[in-house]
Every structure is written in structure tokens, then in C-alpha cells.
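Architecture at a glance
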Amino acid sequence: MNHLKYIAIVAVSGLLLTGCGTSKNISYTQISPISAETVPLKNSKITDAELLRWSHLDLLKDTIPGMSVDRAYEELLKNKNGQKVIVAVIDSGTDIEHEDLKGRVWTNPKEIHGNGIDDDKNGYVDDIHGWNFLGNIVNENLELVRILKKGDDGSETFKKAQEKFEEKEQEALQGKQQLEFILNADKALTEHLKKENYTLEDVKSILTTNPTLGNYKLLMTQILSNTPREEFIKELDAYQEQIFDMLNYNLKMDYDGRKTLGDNAEDFSTKNYGNNQVWGPDKKHALHGTHVAGIIAQVRGNNLGGDGVASNVEIMAIRAVPNGDEYDKDIALAIRYAADNGAKVINGSFGKGFSPQKEWVYEAIKYAASKDVLFVHAAGNDAEDLNVVESYPNDREGEAEIASNFIKIGALNYEYSTRLVADFSNYGKKDVDVFAPGVKIYATVPNNEFKYEQGTSMASPNAAGVAALIRSYYPNLTAAQVKQIMMESGVAIPKTVVVGSDASNKIPFNELSVTGKIVNAYNALLIADKMSK
């Protein structure tokens with residue numbers, strides 16, 4: 001999956017969170033969730049302070065569709081001690097030196113740092129904090145391009161890959177054209193106004209009979225009316241990088257990122273490749289994975305950045321997702337590495353539309369199930385119905401579920417309105433299990449910085465953090481039970497919501513996932529307490 005560099009912040013639909021009333025002297029069994037139907041939809045503006053941690057807030061107390069994490073800590077977990085839980089983050093790499101991840105990084109107890117010896121004899125030398133299956137690879141082709149490179153074999157897969165390639169290439173070229181128009185507009189206004197940091201008022205003050213400059217004025221007036229210039233420039237830079245990465249790497253037929261690794265991605269017998277530099281060749285390329293890790297584990301209550309969902313957790317950093325599509329082999333080996341080294345939860349914020357060696361990944365998921373590991377996976381950012389469009393990995397072969405330890409997460413917006421569902425989120429009654437916060441999530445990024453990001457890539461670690469909470473305080477529960485709890489304890493949304501960017505496309509929320517619910521930590525802990533007895 002291409003990392004989330006730029007997804008326009010828009011649309012989300014209405015939902016209801018079943019919060020729970022409680023008092024300190026009442027046992028968990030006496031606390032019952034309240035019906036979502038008692039809470040009306042709300043369209044009021046979220047404050048900056050609320051936005052910073054909205055995914056942790058509570059619908060009943062805060063009228064924001066978060067996961068009730070803060071409430072869970074205050075009312076259910078106070079003065080309780082959980083066990084340490086290892087969460088594997090299979091991603092683009094993780095800046096494990098980030099100041100807000102101190103004490104939250106897994107260290108391999110069987111490996112001696114820096115001695116150049118495979119002390120634990122697992123095939124990975126000095127895998128102190130995880131493993132980098134990509135070596136120095138940063139960019140890669142999409143899987144559909146790798147399929148086309150092999151030539152037309154007459155298969156339906158080749159035909160679909162060809163169609164998808166033409167579609168994506170056209171989108172990228174149109175994006176490049178739009179980008180050039182915006183860049184030209186910015187340059188022209190900068191020269192006309194003789195200042196780089198021009199304001200909306202500066203643009204409105206322009207008087208011209210030049211039709212081109214007039215069009216540029218209209219464009220920038222519209223943009224700056226909705227976005228501060230500083231934020232606009234950052235988004236424009238990110239969009240430019242996304243477009244050129246797509247054309248120069250992801251869709252480029254003569255580009256081969258893997259040749260620097262020296263591994264054959266189609267030979268599963270060779271497994272010991274890569275290195276132990278878990279943030280990759282440059283920390284700046286580990287933004288996505290570092291953000292994911294922070295959502296799960298950044299230190300709570302230290303006045304740095306945001307707060308992680310789980311406090312008693314260690315991140316196992318596994319780098320296997322390039323800027324482009326991941327290889328099935330790397331993902332399968334990453335899952336097995338996590339399972340073999342003590343992870344109890346795996347977060348997978350990646351995915352793709354073609355998976356030539358999906359059997360390797362299926363076997364790895366089943367292997368993780370045999371080791372009692374829960375796999376939490378992002379649904380994807382194409383606003384597509386996964387009942388119709390295939391997305392990998394998933395947990396089924398045909399209609400048959402292959403394992404009970406796999407849960408797929410869609411993304412929510414922070415607005416408790418008909419736009420509760422993030423307009424980019426995939427959905428589907430068969431494959432998407434539940435939804436979690438995924439728009440404007442504030443968390444760690446490389447080099448001790450913090451940033452808002454969004455995507456199902458952010459929704460998945462929010463859910464993974466809740467899974468880690470359950471496994472920390474109720475370690476006797478199995479991965480399958482934790483999945484069951486997360487699905488059953490979610491807040492049912494008996495409303496019709498907007499799906500995608502078309503406001504007229506309204507679907508009942510209970511048709512968008514298996515459960516028709518949103519993840520709720522408070523309710524999950526109540527059920528976990530009951531189930532563990």
C-alpha cells in the first residue's frame with residue numbers, strides 16, 4: 001500500500017457510541033452500556049484541544065465518537081496493573097529513538113547487541129529491536145506492475161492488472177496536470193505580489209484584466225479560504241511527492257527496487273535477508289511506521305505530543321512495507337517473525353489489490369493463530385466496497401474464513417454526524433469487521449516530531465491499541481476471544497451515513513461492516529472482565 005502521504009480531509013458520517021455509566025463502587029458486572037439511539041447526531045465544531053486526542057474521547061461525555069480510552073483508564077483501569085504486551089508493527093520502519101517511545105520499544109532478550117552473531121539462531125543477526133526485510137529499499141512498483149512485467153499469460157489476473165494500470169496511470173497524469181496548474185498559480189501570484197508568504201487578503205486585492213492571472217486568483221482564493229497558506233504548502237509538497245513517486249517508481253515498468261536487496265521475492269526458501277536497521281536507510285522514510293507505533297504506544301500523560309492507547313506495551317519494529325506495494329514473501333516472513341518472537345498483537349497498516357503469493361500470507365496468518373497472535377489490519381483507503389473489490393491480505397479463501405485471529409478495520413471521522421465514516425475508507429459487510437478513528441490522528445513521526453495523519457492506516461493501530469489493552473489486563477484470553485470482544489463490544493450505529501465523497505451516497509452504517517459497530521475500549525474491557533472469569 002502506498003503510504004498515507006496525502007488524503008484530503010473531508011467527509012465522515014454519523015455514528016453513535018454506546019458509552020457506559022459507572023461508579024467506583026460498582027462491579028463490572030453491574031455496569032451496562034447505554035443504547036446508541038439515545039444520543040442524537042451532532043454537527044458542532046471540534047476544538048483544537050479535542051482534536052488532539054479525539055480518538056480517546058467518549059461519545060456520551062464528550063459528544064465525540066472516540067474509543068472511550070480516557071474514560072476506561074479513569075474508571076476501569078485506575079490502580080490496576082497489567083502485563084507487558086508486545087505489539088509488532090509491520091510497516092515502513094519505526095524511529096525507535098523517538099523521545100515519546102522511550103521504554104516502549106521491544107528488545108530481544110536472546111540477542112547480544114552489536115556482536116555480529118546470531119545469538120538466538122533465528123537467522124537474523126543482531127535483531128535487537130526487530131528486523132528490516134527491505135534492507136535499503138525505499139520505493140517499489142505496485143504489484144500490478146510486477147504482474148505486467150512478466151508478460152501476458154492470458155489470465156484474468158493479467159487482464160485486470162492491465163486495466164488497473166491504465167486507470168492509475170491516467171489518474172497520475174491528471175494529478176500531475178492539476179499539480180502543475182497549482183504550482184504555476186502559486187508562482188505567478190508570488191511574482192505579482194512580490195512576496196512568498198502572501199495571504200488571502202493579498203490575493204483578493206489583486207486587480208487584473210489578464211485572464212490567466214484572473215484564473216490563478218480564483219483558484220488561490222478558493223484554496224486559502226479553506227486552508228492556511230503554511231498548511232497548503234505542506235500539503236502541496238506532499239501531493240507533489242505522491243504524484244512523482246507514482247510516475248517514477250510505483251508505475252514505472254523499468255524500475256526494480258528489489259535488485260539492491262539481492263533476494264528473489266518468488267523463492268520462499270531463502271529467508272535470511274535484510275538487516276537490523278528497523279527505521280531503514282533514512283528515518284524520514286519511516287514516518288508512516290513511526291506514526292502507527294505512536295498511536296499504539298506513545299507515552300501517556302508526559303505532556304509530549306499525543307497519548308498512546310496502551311500504556312503497558314512494547315513495539316516490535318518490523319520493516320516490510322516500501323513506498324509502493326509490499327511483497328507477499330516479506331509480509332509472510334514478517335508475520336512469522338512476530339509470532340516467533342513473542343508478539344501478541346500485530347498491526348498491519350498496508351494492503352494491495354493483487355497478491356500473487358497470497359497462500360504464503362494465509363499460511364503465516366494461520367501460523368500466527370497457532371501462536372495465539374491477533375492480526376489487526378487496515379481496510380484500505382480507496383473508498384471501495386470490499387464485497388465487490390478484492391483487497392489483500394484478508395482472512396478468507398473464497399468464502400471460507402481461514403483463521404479466527406484476523407480483524408479488519410475501517411476508518412471513522414471525528415464528526416458525530418452523517419459524515420461519520422472517513423470519505424476514503426474502504427468498507428464491506430463481508431471483510432471489514434469494525435470501524436475505528438482514522439481522520440486527523442496526532443502521533444509520533446521521526447526525529448522527535450509529531451504530526452496529524454489520516455487513513456485506515458491510523459484506524460488499525462487505534463484498534464490494535466485496544467487489543468493490546470485487553471491482552472495486558474486479561475492475559476488469559478485468546479486472540480480469537482479478543483477479536484470476538486472487540487466486535488461484540490463495539491457501539492452499534494443504527495443510522496444512515498454518507499460513504500465516499502458523494503454526499504448523496506448514503507448507506508445504513510450496519511451495512512458497512514460485519515458488526516455495524518465502532519471500536520470502544522470501555523465496553524471491550526467490561527466484556528473482557530466478564531469473559532475472563
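Here, every reference points to the structure presented above.
Residues numbered from 1 in each chain as written. Predicted model: local features only at pLDDT ≥ 70, side-chain atom pairs only at ≥ 80, totals over all residues. Heavy atoms only, no water.

**A short note on the overall build of the protein chain**
Looking only at helices and strands, the protein chain features 14 helices and 15 strands. In terms of overall dimensions, the protein chain is globule-like: its C-alpha atoms have a radius of gyration of 23 Å, near the 24 Å expected for 533 residues. Seen along its three principal axes, the alpha-carbon backbone of the protein chain occupies a region of about 75 × 55 × 45 Å. Within the protein chain, the proportion of its 533 residues that are buried is 56%. Across the protein chain, contacts joining residues at least 24 apart in sequence account for 77% of those joining residues at least 6 apart. Counting every atom, the protein chain has about 22000 Å² of accessible surface; 48% of that belongs to carbon and sulfur. Here the protein chain contributes 58 positive and 75 negative side-chain charges, whose respective centroids are spaced 4 Å apart. (Helix = DSSP H or I, 4+ residues; strand = E, 2+ residues; numbered from the N terminus. Rg over C-alpha atoms; globule rule 2.2 N^0.38 Å. Buried < 20%, exposed > 50% of the residue type's maximum accessible area, 1.4 Å probe, protein only. Contact = heavy atoms within 4.5 Å. Areas by Shrake-Rupley, 256 points an atom, 1.4 Å probe, with all protein chains shown as cover. Lys, Arg positive; Asp, Glu negative; His and termini not counted. Charge placed at Lys NZ, Arg CZ, Asp CG, Glu CD.)

**Brief notes about unusual backbone geometry**
The linkage connecting Y392 with the following residue, P393, adopts the cis geometry, with an omega of 0 degrees. Positive phi values are uncommon outside glycine, yet A383 reaches one of about 55 degrees. One non-glycine residue, N447, lies in the positive phi region at around 65 degrees. Along the chain, the position of N447 falls in the loop between strand 10 (441-445) and strand 11 (449-453). Under the relative-accessibility criterion, N447 is labelled partly exposed at 48%.

**Some points on the packing of aromatic side chains**
This model, assessed by the stated rule, comprises 12 aromatic pairs. Between W54 and Y414, the aromatic rings sit 6.0 Å apart at their centres with planes inclined by 70 degrees, giving edge-to-face as the arrangement. Residue W54 is found in the loop between helix 1 (48-52) and helix 2 (59-62), and its partner Y414 is found in the loop between strand 8 (406-412) and strand 9 (434-437); the two are separated by 360 residues along the sequence. Take Y414: its relative accessible area is 17%, and that puts it in the buried class. Seen in terms of ring centroids, F435 and F509 are 5.4 Å apart; in terms of plane orientation they differ by 55 degrees. Their pairing is tilted. Here the residue F435 occupies a position in strand 9, and F509 occupies one in the loop between strand 14 (506-508) and strand 15 (517-518), the gap between them amounting to 74 residues. With respect to burial, F435 and F509 carry one shared label: buried. Taken together, the ring pairs in this structure connect Y124, W131, F133, Y273 and Y337 into an aromatic cluster. Over the face of the ring belonging to Y522 we find R71, whose NZ or CZ atom lies 4.8 Å from the ring centre. (Phe/Tyr/Trp six-rings, centres within 6.5 Å; stacked < 30°, edge-to-face > 60°. Lys NZ or Arg CZ within 6 Å of the ring centre and 35° of its normal.)

**Remarks on the pairing of strand 8**
Counting buried residues in strand 8 gives 7 out of 7 residues, a clear majority hidden from the surface. Residues F406, K408, G410 and L412 point to one face of strand 8 and I407, I409 and A411 to the other, with burial holding for every one of them. When strand 5 (residues 374-378) meets strand 8, the two strands line up parallel, connected through 4 bridges. Across the sheet, F375 pairs through a bridge with F406, a residue of strand 8. Here strand 8 runs beside strand 9; their pairing, made up of 4 bridges, is parallel. Each residue of the ladder has a partner; that of I409, found in strand 9, is V434. (Pairing = 2+ DSSP bridges.)

**A look at the pattern of salt bridges**
If the charged atoms of two oppositely charged side chains come close together, the side chains can form a pair. Per the counting criterion, the structure on display carries 34 salt bridges. Linking R396 and E390 is a salt bridge whose minimum nitrogen-to-oxygen distance equals 3.6 Å. Each of D58, K61, R71, E74 and E75 takes part in one network of salt bridges that share partners. (Salt bridge = Lys/Arg side-chain N within 4 Å of Asp/Glu carboxyl O.)

**Here we look at the environment of N312**
Relative to the elements of secondary structure, N312 occurs in the loop between helix 9 (287-297) and strand 3 (313-319). Sequence separation of N312 and G82 is 230 residues, and the distance between their C-alpha atoms is 6.7 Å. Ignoring any residue separated from it by four or fewer positions in sequence, one finds N312 in contact with G82, Q83, K84, V85 and S472. For N312, the side chain forms a polar contact with the side chain of K84, separated by 3.4 Å. (Polar contact = N/O pair within 3.5 Å; in protein donor to acceptor, adjacent residues only side chain to side chain.)

**Things to note about the environment of K164**
With respect to the element layout, K164 can be found in helix 5 (residues 156-193). Residues K164 and L193, 29 residues apart in the sequence, show an inter-C-alpha distance of 43 Å. Apart from the residues lying within four places of it in its own chain, the contact partners of K164 are L144, F354 and E384.

**Topic: the nonpolar core**
If you look at the biggest cluster of nonpolar residues, it comprises 84 residues, and the most contacted ones within it are I296, F435, V466, I470, M486, F509 and L512. Considering each element in turn, this core owes the most residues, 10 residues, to helix 12 (residues 456-473). Ignoring sequence-local partners within four residues, the contact set of I470 consists of P475, L477, V482, I485, M486, A524, L525 and A528. Among the nonpolar cores identified, the runner-up in size contains 38 residues, and M316, I318, A320 and I331 belong to it. (Core = buried A, V, L, I, M, F, W, Y, C linked by side-chain atoms within 4.5 Å.)

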